[in-house]
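Next come the chains, spelled out residue by residue.
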Amino acid sequence: MNLEDYREAVRAQLAAEVCEALARDRLEVDLHVRFQIQKEIAAFEACINYAEDRAEAAPSPDLEAQWRDYGCRQIARIRELLNIRRELDSLH
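Being a predicted model, the structure only gives us computed values, none of them experimental.

> Explain the packing of aromatic side chains to me, please; I cannot follow it from the model alone.
For any pair of aromatic rings, the description consists of the separation of the ring centres together with the inter-plane angle of the planes. Under the definition given, this model contains 2 aromatic pairs. Between Y50 and W67, the aromatic rings sit 5.5 Å apart at their centres with planes inclined by 85°, giving edge-to-face as the arrangement. Here Y50, found in helix α3 (residues 26-57), pairs with W67, found in helix α4 (residues 61-91); they are 17 residues apart in sequence, far enough to count as distant. By relative accessible area, W67 is classed as partly exposed at 26%. Between W67 and Y70 the ring centres are 5.9 Å apart and the planes differ by 90°, which places this aromatic pair in the edge-to-face class. In this pair, W67 and Y70 are both assigned in helix α4, 3 residues apart and thus about one turn of the helix distant.

So, in structure tokens, the structure goes:
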């Protein structure tokens, strides 16, 4: 996902949940994009912590590896979000 894709998703969400006028306001959309990114990062961080706990408690090396892989995928998602946020910050 890139910044424009994220903006479009947020615009649609704002239009559906709040009002169409907000969805057309680019500054409002960008503020909401930042808010959504922060929420998603917090959720992925919680998933990473859970995965780490499950990996340490895994009854087999295979399950441990699966939990660690899951945690790595969450880290990759956070990196994507941070890249989108950096791009957004560079515009303002």
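> Can you walk me through α3 in this structure?
Residues separated by three or four positions in an α-helix point in the same direction, a consequence of the helix having 3.6 residues per turn. For α3, built from 32 residues, the straight-helix expectation of 46 Å at 1.5 Å per residue is met to within 8% by its first-to-last C-alpha distance of 46 Å. Of the residues that open α3, the one with a side-chain oxygen 3.0 Å from the backbone nitrogen of L27 is D25.

> Any chance you could explain the pattern of salt bridges here in plain terms?
Oppositely charged side chains can form a pair if their charged atoms are brought close together. For the coordinates displayed, the defined rule picks out 7 salt bridges. Across the salt bridge formed by R26 and E4, the nearest N and O atoms sit 3.7 Å from each other. Of this pair, R26 sits in helix α3 while E4 is found in helix α1 (residues 3-17), placing the two residues 22 residues apart along the sequence. For R26, a relative accessible area of 45% translates into the label partly exposed. Judged by relative accessible area, E4 falls into the partly exposed class, the value being 38%. We note a salt bridge from R7 to D30, for which the minimum N-O separation is 2.7 Å. Of this pair, R7 sits in helix α1 while D30 sits in helix α3, and the two are 23 residues apart along the sequence. The burial state of R7 is the same as that of D30; both residues are buried.

> For this particular structure, what's the right way to read the nonpolar core?
Soluble globular proteins tend to bury their nonpolar side chains together. One finds Y6, V10, V33, I37 and L81 to be the most contacted residues of the largest nonpolar core, which totals 15 residues. Every element with two or more residues in this core is listed here: α1, α3 and α4. Considering every element that reaches this core, the biggest residue donor is α3, with 6 residues. Apart from the residues within four sequence positions on either side, V33 is in contact with L3, Y6, R7, V10 and L88.

Reading the values: rules and limits
Residue indices follow the written sequence of each chain, beginning from 1 at its first position. Under the rules for a predicted model, residues below a pLDDT of 70 receive no local features and side-chain atom pairs below 80 are neither given nor counted, while totals for whole chains, interfaces and linings still include all residues. To obtain the side-chain values, all non-hydrogen atoms of the structure were included, while hydrogens and water were left out. Here the aromatic set is Phe, Tyr and Trp, taking the six-membered ring for Trp, and pairing holds for ring centres within 6.5 Å; pairs whose planes are under 30 degrees apart are stacked, those over 60 apart are edge-to-face, and all others are tilted. For the purposes of this entry, the term helix denotes a DSSP run of H or I that reaches at least four residues, the term strand denotes a run of E that reaches at least two, and both are numbered from the N terminus. Each residue is placed in one exposure class: buried if its accessible area under a 1.4 Å probe, protein chains only, is under 20% of its type's maximum, exposed if it is over 50%, and partly exposed if it falls in between. What a helix should span is 1.5 Å times the count of its residues minus one. Between N or O atoms, a polar contact is any pair within 3.5 Å; within protein, one atom must be a potential hydrogen donor and the other a potential acceptor, and residues adjacent in sequence are included only when both atoms are from side chains. Salt bridges are defined as contacts in which a side-chain nitrogen from Lys or Arg sits within 4 Å of a carboxyl oxygen from Asp or Glu. By nonpolar core we mean a set of buried residues, namely Ala, Val, Leu, Ile, Met, Phe, Trp, Tyr and Cys, connected to one another through side-chain atoms within 4.5 Å. Only heavy atoms matter for contacts: two residues are in contact if any of them lie within 4.5 Å across the pair.

This is a description of form; function is not addressed.
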